[in-house]
Amino acid sequence: MRRIPPLRALQVFEAAARQEHFSRAADELCITQSAVSHQVKVLEEHFSEQLFKREGRQLKLTSKGKLLYQELTQIFDSLSGLNQQISGGQSQELRLAVYSSFAVKWLIPRLSHFRRQYPDIKIRLIMITDDPELSDSVADMFISGQSGHSGFWHKLLHQERLIPVCSPELFDIGDTIGVDSLFKQPLLTVDEGPLGLDWQRWSQTNQVAFPDSQQEHIFSHVLLAIEAAIAGQGVALASDFMVMNDIADKRLIALNLPDIHTGFEFNFSCKKSRIKEPAIAAFIAWICAQN
């Protein structure tokens, strides 16, 4: 006869460990916080081990708690997949957390192709500005700068390279466009917070000193700078993948000037335990085929 821990207590513990908070786990499970505490205590008494510890106001797992949570995650994922198979197949609605810039300039223009190929799979986009927690509670799939996370499958989609772009109308046909041409045009600069100003990084990398009289317009997001470039307001630095359609449609031209590799990588991520789910497998096959 198998000797197994209390199943209800395991379910409550998994929610509390994933949320790192008893109150949020209680809300998720529609029970009280005291009920969560009680079930965790039941499990700790069963194992004769402490599973949580408090560090200031934060709730952290002990080493035995981490081991239990890692194993339960795989077990519950398998049970969820089994439930879906028996009750009528895998979910056909997927949540994809993705940077707004990547979504607007790269993903969304291509999604119509995916939807024609897989009309029964619905993709719900969740826009992010910073790297999110890789968790099923956030999304089923992610496009972010993260990689190397235990339990997750990662696929490199693109290594960021910034190229100078502007409207075709900004330069006359036949103009020789060199680095000194930039001195005559406004720079559409993106303030990247801790990374600083993008044109400043470009000038340092390429050893170009802009004159004190250099005109500059500063934006908080690269999408704004790209739209300003399309409107003929100056020269912007943009990720090459973000402006390929604008260049193809002649809304922008790529200037024959030095580029800059930022070191940032866009990665697709999902749980290893879910890559064989039909809907996720279909999306992986599709996105890996996009070049």
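Structure's up top.
Small disclaimer: the values here were computed from a predicted structure and weren't measured.

Caption draft 1: Looking closely at the packing of aromatic side chains. Scanning the entire structure with this criterion turns up 20 aromatic pairs. For the ring pair Phe13 and Phe52, a centre distance of 5.4 Å and an interplane angle of 55° mean the geometry is tilted. Here Phe13, found in helix 1 (residues 7-19), pairs with Phe52, found in strand 1 (residues 52-55); they are 39 residues apart in sequence, far enough to count as distant. Side by side, Phe13 and Phe52 carry an identical accessibility label, which is buried. The interplanar angle of 65° and the centroid separation of 5.3 Å between the aromatic rings of Phe114 and Trp286 together place this pair among those described as edge-to-face. One end of the pair, Phe114, is in helix 5 (residues 100-117); the other, Trp286, is in helix 9 (residues 278-288), and 172 residues separate them in sequence. For Trp286, a relative accessible area of 3% corresponds to the buried category.

Caption draft 2: How the structure looks around the packing of helix 5 against helix 9. The interhelical angle for the contact between helix 5 and helix 9, taken along N-to-C directions, is 125°, at an axis separation of 11 Å. Looking at the two axes, helix 5 sits oblique to helix 9. As helix 5 packs across helix 9, the resulting crossing turns out to be right-handed. Across from Trp106, Leu107, Arg110, Leu111, His113, Phe114 and Gln117 in helix 5, the residues of helix 9 making contact are Ala282, Phe283, Trp286 and Ile287. Classifying every residue of the contact of helix 5 with helix 9 gives eight nonpolar, two polar and one charged.

Caption draft 3: Summary view of the nonpolar core. The biggest cluster of nonpolar side chains holds 47 residues, and the ones touching the most others in it are Leu96, Phe102, Leu107, Ile123, Met141, Phe268 and Phe283. Counting residues per element, this core draws most heavily on helix 9, which supplies seven residues. If we skip the residues at most four places from it in the chain, Leu107 touches Leu96, Val98, Phe102, Leu125 and Trp286. Core analysis: the next-biggest nonpolar cluster, separate from the first, contains 20 residues, Phe13, Leu51, Phe52 and Leu68 among them.

Caption draft 4: Structural view of the pattern of salt bridges. The tally for this structure, following the rule as stated, stands at 16 salt bridges. With its nearest N and O atoms 3.8 Å apart, the salt bridge here joins Glu55 to Lys53. With a relative accessible area of 36%, Lys53 lands in the partly exposed category. Across the pair Asp136 and Lys271 runs a salt bridge whose closest N-O atoms are separated by 3.3 Å. In this pair, Asp136 is assigned in the loop between strand 4 (122-128) and strand 5 (141-144) and Lys271 in strand 11 (residues 260-271), connecting sequence segments 135 residues apart. Because the salt bridges share partners, they merge into one network encompassing Arg95, Asp136, Asp140, Lys271, Arg274 and Glu277.

Caption draft 5: Main features of the layout of surface pockets. Approximately 1,100 Å³ is the volume found for the largest pocket. Lining the largest pocket are 37 residues; nearest its centre among them are Glu14, Arg18, Tyr69, Thr73 and Lys271. Looking at the lining of the largest pocket, the elements that each hand over two or more residues are helix 1, helix 2 (22-29), strand 1, strand 2 (58-61) and helix 4 (63-87). For the lining of the largest pocket, the element with the highest residue contribution is helix 4, accounting for eight residues. Among the residues forming the lining of the largest pocket, the class breakdown is 11 nonpolar, 13 polar and 13 charged. Of the pockets and cavities examined, the second largest pocket occupies roughly 720 Å³. As for the second largest pocket, its lining consists of 25 residues, and the residues nearest its centre are Tyr99, Ser101, Thr129, Glu160 and Glu192. Listed by contribution, the elements that provide at least two residues to the lining of the second largest pocket are helix 5, strand 6 (152-166), helix 6 (198-205), strand 9 (235-239) and strand 11. Grouping the amino acids of the lining of the second largest pocket by side-chain chemistry returns 11 nonpolar, seven polar and seven charged.

Conventions we followed
Residues numbered from 1 in each chain as written. Predicted model: local features only at pLDDT ≥ 70, side-chain atom pairs only at ≥ 80, totals over all residues. Heavy atoms only, no water. Phe/Tyr/Trp six-rings, centres within 6.5 Å; stacked < 30°, edge-to-face > 60°. Helix = DSSP H or I, 4+ residues; strand = E, 2+ residues; numbered from the N terminus. Buried < 20%, exposed > 50% of the residue type's maximum accessible area, 1.4 Å probe, protein only. Axes fitted to C-alpha atoms, helices over the stretch in contact; angles between N-to-C directions. Parallel < 35°, antiparallel > 145°, perpendicular 65-115°, else oblique. Left-handed = near helix turned anticlockwise from the far one by under 90°. Contact = heavy atoms within 4.5 Å. Nonpolar A, V, L, I, M, F, W, Y, C, P; charged D, E, K, R; others polar. Core = buried A, V, L, I, M, F, W, Y, C linked by side-chain atoms within 4.5 Å. Salt bridge = Lys/Arg side-chain N within 4 Å of Asp/Glu carboxyl O. 1 Å grid on protein atoms, 1.4 Å probe; cavity = no way out; pocket = protein on both sides within 12 Å on 5 of 7 lines; lining within 4 Å. Points joined across faces, edges and corners; volume = space filled by probe spheres on them.

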